[in-house]
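Survey of secondary and tertiary structure
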Amino acid sequence: MTEKLHTPVIAWFDAHARDLPWRRPEAGPWGVMVSEFMLQQTPVNRVLPVYEQWLARWPRPADLAAEAPGEAVRAWGRLGYPRRALRLHGAAVAITERHGGDVPTDHAQLLALPGIGEYTAAAVASFAYGQRHAVLDTNVRRVFARAVTGVQYPPNATTAAERKLARELLPPDEKTAARWAAASMELGALVCTAKNETCQRCPIAGECAWRLAGKPEHDGPPRRGQTYAGTDRQVRGKLLAVLREAHAPVPQTTLDRVWHEPVQRARALDGLVSDGLVEPLAGGLYRLPLS
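Residues numbered from 1 in each chain as written. Predicted model: local features only at pLDDT ≥ 70, side-chain atom pairs only at ≥ 80, totals over all residues. Heavy atoms only, no water.

1. Section: the overall build of the protein
Note the following rule: A helix here means a DSSP run of H or I that spans at least four residues, while a strand means a run of E at least two residues long, and both kinds are numbered starting from the N terminus. We compute the radius of gyration over the C-alpha atoms and compare it with the globule rule, which gives 2.2 Å times the number of residues raised to the power 0.38. Each residue is assigned to one of three classes by its accessible area relative to the maximum for its type, calculated with a 1.4 Å probe on protein chains only: buried under 20%, partly exposed between the two thresholds, exposed over 50%. Pairs of residues are marked as contacts when any of their non-hydrogen atoms sit within 4.5 Å.
Helix and strand counts for the protein come out as 15 helices and three strands. Whereas a compact globule of 291 residues would reach a radius of gyration of roughly 19 Å, the protein reaches 21 Å, a difference of no more than 12%. The principal-axis extents of the C-alpha atoms in the protein amount to approximately 65 × 45 × 30 Å. In the protein, which comprises 291 residues, the share counted as buried stands at 46%. In the protein, of all internal contacts separated by at least 6 residues, the share reaching a separation of at least 24 is 63%.

2. Some thoughts on the nonpolar core
Keep this limit in mind: Side-chain atoms within 4.5 Å link the members of a nonpolar core, which is a set of buried Ala, Val, Leu, Ile, Met, Phe, Trp, Tyr and Cys residues.
In terms of nonpolar packing, the biggest core is built from 49 residues, with Trp30, Met33, Met38, Trp54 and Leu88 touching the most fellow members. When contributions to this core are tallied by element, the ones reaching two or more residues are helix 2 (28–39), helix 3 (44–57), helix 5 (69–76), helix 6 (83–98), helix 8 (118–129), helix 13 (232–245) and helix 15 (262–274). The element best represented in this core is helix 6, accounting for seven residues. Non-local contacts of Met38, meaning those with residues more than four positions away in its chain, are made with Val47, Val50, Tyr51, Trp54, Trp76, Leu79 and Arg84.

3. Some words on the UniProt feature "domain: HhH-GPD" (unreviewed entry) in the protein
Here is the rule: UniProt positions are given in the numbering used here, feature names are shortened, and annotations may be inferred rather than shown by experiment.
According to UniProt, the feature "domain: HhH-GPD" (unreviewed entry) maps to residues 38–190 in the numbering used here. Overall, residues 38–190 shows 66% helix and 0% strand. The separation of its end C-alpha atoms is 19 Å.

4. Topic: helix 13
So the rule is basically this: A helix's residues, less one, multiplied by 1.5 Å, set its expected span.
Here helix 13 contains 14 residues, and its C-alpha end-to-end distance of 20 Å stays within 8% of the 20 Å for a straight helix at 1.5 Å per residue. Burial in helix 13 covers these residues: Gln234, Val235, Arg236, Leu239, Leu240, Ala241, Leu243 and Arg244. Against the buried residues of helix 13 lie helix 5, helix 6, strand 1 (250–251), helix 14 (252–256), helix 15 and strand 3 (285–287).

5. Details of empty space enclosed by the protein
Note the threshold: A cavity here means a set of points on a 1 Å grid, drawn over the protein atoms and nothing else, where a 1.4 Å probe fits but cannot get out; a pocket is an open set with protein on both sides within 12 Å along at least five of seven lines, and a residue lines either one if it has an atom within 4 Å of a point. Grid points are joined across faces, edges and corners, and a volume is the space filled by probe spheres set on the points. Residue classes follow a fixed rule: Ala, Val, Leu, Ile, Met, Phe, Trp, Tyr, Cys and Pro count as nonpolar, while Asp, Glu, Lys and Arg count as charged, and any other residue, Gly among them, counts as polar.
As enumerated under the stated definition, the model contains two cavities of 30 Å³ or more in all. Only helix 9 (138–149) and helix 12 (209–212) provide two or more residues apiece to the lining of the largest cavity. Examining the composition of the lining of the largest cavity, we find that three residues originate from one element, helix 9, more than from any other. The residue inventory of the lining of the largest cavity, partitioned by class, reads eleven nonpolar, one polar and three charged. His133, Ala134, Val135, Val140, Phe144, Ala166, Leu170, Trp180, Ala181 and Ser184 together form the lining of the second largest cavity. Every element with two or more residues in the lining of the second largest cavity is listed here: helix 9 and helix 11 (174–190). For the lining of the second largest cavity, the element with the most residues is helix 11, which contributes three residues. In terms of residue class, the lining of the second largest cavity is made up of eight nonpolar, two polar and no charged.

6. What to know about the packing of helix 2 against helix 8
So the rule is basically this: Note on method: axes are straight lines fitted to C-alpha atoms, helices fitted across the in-contact stretch only, with angles between N-to-C directions ranging 0 to 180 degrees. Two helices crossing with the near one rotated counterclockwise from the far one by less than a right angle form a left-handed crossing, whereas a clockwise rotation gives a right-handed crossing.
Here helix 2 crosses helix 8 at 145 degrees, and the two axes come no closer than 9 Å. For the crossing formed where helix 2 meets helix 8, the hand is right-handed. Here Pro29, Val32, Met33, Glu36 and Phe37 of helix 2 lie close against helix 8, whose contacting residues are Tyr119, Thr120, Ala123, Val124, Phe127, Ala128 and Tyr129.

The structure is reproduced here in structure tokens:
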């Protein structure tokens, strides 16, 4: 079964993979790491311009580590989930202090960096260093759920059974395994999409358990939808937008104008402060963090 999946998917990837800057040799391990932080829950088209600006400004981890964390938040722009910017800054500091400014090659050392979880450590080790690791993002999980398990969608959270399956599907040699990780991810992003999948373009349609079963509808727990309008997350984004544009501390009265509902606005601002994304100063002033 595994050989029937590996060969056609990798051949499809060789012919159809997008030319993305973090896949080019000049990106290096740091470019791969930056892309992995930015691509979490954010589509490629929104990431591309911010990624290019980020690498132009901070081509090495030490360059970012030398800046205040608030500058990372400012440069993050409107990518969303800005705590990722703080985590990436923290990882850059640790890489500079512990590893001489070079992204470590060892999976365990990657996992020990602040802000790096199981997925990101495996992705950097695989995509930057060509190592053999199971790289399970949403796209890969969906491909495996359909092609092997025969269900439309994977569980809401990654399970032990999914990790076991991903390990079983890994090609034995490192080079092929790394290629398989990238190829299965691209297949989920471009063909085996969450909605409106294009099975006629899929290189493993003839092997797909879900398609062969007649593409049964999802009957598991409801899938989580992402709402934004009117949420605390939207208010946080509006508050951060004001602070990103300002190069001096911002008074409370200015922040009060970004959202009409005072209780929700105060809750959002308190959350930003507790997350370390905003620093309160004396006199009712706020700024992006300097330390």
